[in-house]
Amino acid sequence: MDVSYLAASIIITAGMLISVLKKNLTVMAALTGGLLAVIIFIGGGFTGISLLTAFFVLGAGATAWKFKTKKKDGLAESGNGKRNAGQVFANAGAAAILALLATYNTNHAALLHLMIAASFSATTADTLSSELGNVYGRRYYHILSFREIQRGANGAVSLQGIVAGIMGSTIIALTYVLGTGWNAPHFLVIIIAGTAGNIIDSILGLTLENKGLLTNNAVNFLNTAAGAVVAGVWYML
């Protein structure tokens, strides 16, 4: 077996075990995450795995942060913060699809790798802005009308949450350029794409999810896809 594949196998297996033992994921979610991680590694290499790991660490940390307070206020993730398989696919499924495309379309691998990073930037921004914004936000505003709105409602955003999301996107962008080499435009577009995806997530949650036309998992998947599309359009301009 190639050494890189052996190393990736060890990393992915360790991540699956830790996520279950730490009660971050259900067993089925860990298996789903492991499969997606393999696909992302094949199409995106160690940079792809690093992006997935960065998102998982940041997302799990933000979910666990002041969890008892969020639970008391009715703002915590269901299942005591333990993510299920559907949520895992919603967060990393788009990246895995892009990785598959990169595997069989090597001429556009650079574009697809950038889009993978943007998809993780979007889901990281969404997770951190929601989890940390609900803790540190001072005022919450309707994403479209900018009227004050109840904390935790679909479409509610706060300045503190947006900043947390941008910080998460910045860490994802930094992870990407550390793996691929410094590129200021790529670094910036990953942050911009993540923020755009986060905003689109809030709009979709307010409109289509509130009307029962989309599930929360569908909204989260479209968030990651939107981030990827923003980066892809920018790359092709």
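Below is a short write-up of the structure. Treat the numbers as computed from the prediction; the structure is a model and nothing was measured.

### Remarks on the pattern of salt bridges
If the charged atoms of two oppositely charged side chains come close together, the side chains can form a pair.
Okay, so step 1: Applying the stated criterion across every chain yields a total of 2 salt bridges.
Okay, so step 2: Residue Glu 131 pairs with Lys 70 through a salt bridge whose shortest N-O separation is 2.6 Å. Of this pair, Glu 131 sits in helix α5 (residues 109-136) while Lys 70 sits in helix α3 (residues 67-72); the two residues are 61 residues apart in sequence, bridging distant segments of the chain.
Okay, so step 3: Judged by its relative accessible area of 4%, Glu 131 falls in the buried class.
Okay, so step 4: Its salt-bridge partner being Arg 83, residue Glu 131 comes within 3.7 Å of it at the nearest N-O pair. Taken together, the residues Glu 131 in helix α5 and Arg 83 in the loop between α3 and α4 (85-104) connect sequence positions 48 residues apart. By the burial criterion, Glu 131 is buried, and Arg 83 matches it.

### Concerning the packing of helix α6 (residues 159-180) against helix α7 (residues 184-209)
Okay, so step 1: Two elements in contact, α6 and α7, have axes whose closest approach is 8 Å; the angle formed by their N-to-C orientations is 145°. The interaxial crossing formed by α6 with α7 has right-handed handedness. The residues of α7 that touch α6, namely those facing Ile 166, Ser 169, Thr 170, Ile 172, Ala 173, Leu 174, Tyr 176 and Val 177, are His 186, Phe 187, Ile 190, Ile 191, Gly 194 and Thr 195.
Okay, so step 2: Counted by class, the contact of α6 with α7 contains 9 nonpolar, 5 polar and no charged residues.

### A word on a nonpolar patch on the surface
Okay, so step 1: Taken together, Tyr 5, Val 38 and Ile 42 make up a surface patch of nonpolar side chains, about 260 Å² in accessible area.
Okay, so step 2: Assignment of secondary structure puts Ile 42 in helix α2 (residues 27-64).

### Regarding the packing of α2 against α5
Okay, so step 1: Running from N to C, α2 and α5 point in directions that differ by 5°, and their axes come no closer than 9 Å. As summarised for this structure, α2 and α5 are arranged roughly parallel, according to the angle between their axes. Between α2 and α5, the contacting residues are Ile 40, Gly 43, Gly 44, Gly 48, Leu 51, Leu 52, Phe 55, Leu 58, Gly 59, Ala 62 and Thr 63 on the first element and His 113, Ile 116, Ala 117, Phe 120, Thr 123, Thr 124, Thr 127, Leu 128, Glu 131 and Leu 132 on the second.
Okay, so step 2: By residue class, the composition of the contact of α2 with α5 is 11 nonpolar, 9 polar and 1 charged.

Conventions used here
- Residues numbered from 1 in each chain as written.
- Predicted model: local features only at pLDDT ≥ 70, side-chain atom pairs only at ≥ 80, totals over all residues.
- Heavy atoms only, no water.
- Salt bridge = Lys/Arg side-chain N within 4 Å of Asp/Glu carboxyl O.
- Helix = DSSP H or I, 4+ residues; strand = E, 2+ residues; numbered from the N terminus.
- Buried < 20%, exposed > 50% of the residue type's maximum accessible area, 1.4 Å probe, protein only.
- Axes fitted to C-alpha atoms, helices over the stretch in contact; angles between N-to-C directions.
- Left-handed = near helix turned anticlockwise from the far one by under 90°.
- Contact = heavy atoms within 4.5 Å.
- Nonpolar A, V, L, I, M, F, W, Y, C, P; charged D, E, K, R; others polar.
- Patch = residues over 30% accessible without salt bridge, like charges linked within 9 Å, V, L, I, M, F, W, Y side chains within 5 Å.
- Areas by Shrake-Rupley, 256 points an atom, 1.4 Å probe, with all protein chains shown as cover.
- Parallel < 35°, antiparallel > 145°, perpendicular 65-115°, else oblique.

All we've got here are geometric facts, nothing functional implied.
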